[in-house]
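Residues per chain, in single letters:
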Amino acid sequence: MPGLADIISVQHVELDRQHELCARALEQLRSIRNVSSLREVLRCYKMHFQYEESLLDAHLYKDLIVGGKQVETKGFSAALDARKSHYRDHKRLIGEIEE
């Protein structure tokens, strides 16, 4: 199973730090299977996903966000579909823990 040494840098100091925190929390959960460890994974995920989504919306998806809301487009939009899919993955991961 991959460990901390296997984390690939995304060349963004804060994102790399958060990825390491998430990996450490997951490693702790793997070795200490208790509610406290699970809560730490959830805390790390929520913090990281919120930060990542704010960065993506400010930079990568900036043309798709108006007034903090996603713009609906007519027809196909690869960027919009990628955004929806990525954020849906975040919700799924959090939801699996919160169930």
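Residue numbers restart at each chain and count upward from 1, following the sequence in its written direction. In keeping with the model being predicted, local features are shown solely for residues with a pLDDT of at least 70 and side-chain atom pairs are shown and tallied solely at 80 or more, while totals for entire chains, interfaces and linings include all residues. Note that water and hydrogens are dropped before the side-chain values are worked out from all heavy atoms of the structure.

Asker: For the overall build of the protein, give the residues involved together with the corresponding values.
Answerer: Helix and strand labels come from DSSP, where a helix needs a run of H or I of at least four residues and a strand needs a run of E of at least two; each type is numbered from the N terminus. Scanning the protein from N- to C-terminus turns up three helices and two strands. Starting at the N terminus and walking to the C terminus, you meet the elements of the protein as α-α-β-β-α. Exposure is judged per residue with a 1.4 Å probe applied to protein chains only, and the accessible area is read against the type maximum: over 50% gives exposed, under 20% gives buried, and values in between give partly exposed. Relative to its 99 residues, the protein shows a buried fraction of 26%. Pairs at least 24 residues apart make up 49% of the contacts formed inside the protein by residues separated by at least 6 positions. In this description, contact between two residues means that some pair of their heavy atoms is separated by no more than 4.5 Å.

Asker: Now, about unusual backbone geometry: what can you tell me, with residues and values included?
Answerer: Leaving glycine aside, a negative phi is the common case for residues, and trans is the common case for peptide bonds. For Gln11, which is not a glycine, the phi torsion comes out positive at approximately 65°. Here Gln11 lies in the segment before helix H1 (13-31). A relative accessible area of 71% means that Gln11 is categorised as exposed.

Asker: So, the packing of aromatic side chains: which residues are in play, and what are the values?
Answerer: Pairs were defined over the aromatic rings of Phe, Tyr and Trp, the Trp ring being its six-membered one, requiring ring centres within 6.5 Å. Orientation was assigned from the angle between planes: stacked under 30 degrees, edge-to-face over 60, tilted for the rest. Across all of its chains, the model carries two aromatic pairs by this definition. Centre to centre, the rings of Tyr61 and Tyr87 are 6.3 Å apart; their planes meet at 75°, and the pair counts as edge-to-face. Here Tyr87 lies in helix H3 (residues 78-98) and Tyr61 lies in the loop between helix H2 (35-58) and strand E1 (65-66), a separation of 26 residues in the sequence. The burial state of Tyr61 is the same as that of Tyr87; both residues are buried.

Asker: Can you break down the nonpolar core residue by residue, with the values?
Answerer: Counting residues in hydrophobic clusters, the biggest one holds 10 residues: Cys22, Ala25, Leu29, Val41, Leu42, Cys44, Tyr45, Phe49, Ile94 and Ile97. Elements that contribute at least two residues to this core include exactly H1, H2 and H3. Looking at this core element by element, the count peaks at five residues for H2. Ignoring any residue separated from it by four or fewer positions in sequence, one finds Ala25 in contact with Glu40, Val41 and Cys44. Throughout, nonpolar core names a set of buried Ala, Val, Leu, Ile, Met, Phe, Trp, Tyr and Cys residues whose side chains join them through atoms within 4.5 Å. The next biggest cluster of nonpolar side chains, apart from the first, holds five residues, and it includes Leu56, Tyr61, Leu64 and Leu80.

Asker: Please set out the pattern of salt bridges residue by residue, giving values where relevant.
Answerer: We define a salt bridge as a side-chain nitrogen of Lys or Arg found within 4 Å of a carboxyl oxygen belonging to Asp or Glu. Evaluation of the coordinates by the stated rule reveals six salt bridges. Of the charged contacts in the structure, one is a salt bridge between Arg43 and Glu40, with a shortest N-O distance of 2.7 Å. Here Arg43 pairs with Glu40, and both are found in helix H2, just three residues apart, close to one helical turn. For Glu98, the salt bridge is made with Lys46, and the minimal N-O distance between the two is 2.8 Å. With a gap of 52 residues between them, Glu98 in helix H3 and Lys46 in helix H2 connect regions that are remote in the sequence. A relative accessible area of 47% means that Glu98 is categorised as partly exposed.

Asker: Please set out H2 residue by residue, giving values where relevant.
Answerer: Along its 24 residues, H2 runs 35 Å from first to last C-alpha, staying within 8% of the 34 Å computed at 1.5 Å per residue. Of the residues making up H2, those classed as buried are Ser37, Val41, Leu42, Cys44, Tyr45, His48, Phe49, Glu52, Leu56 and Asp57. Of the surrounding elements, those touching the buried residues of H2 are H1, E1 and H3. N or O atoms closer than or at 3.5 Å make up a polar contact, with two conditions inside protein: a donor-capable atom paired with an acceptor-capable one, and, for residues adjacent in sequence, both atoms drawn from side chains. Measuring from the side-chain oxygen of the N-cap residue of H2 to the backbone nitrogen of Ser36 gives 3.3 Å; that N-cap residue is Asn34. By this rule the span expected of a helix is its residue count minus one, scaled by 1.5 Å.

Function cannot be read off these values alone, since they describe shape.
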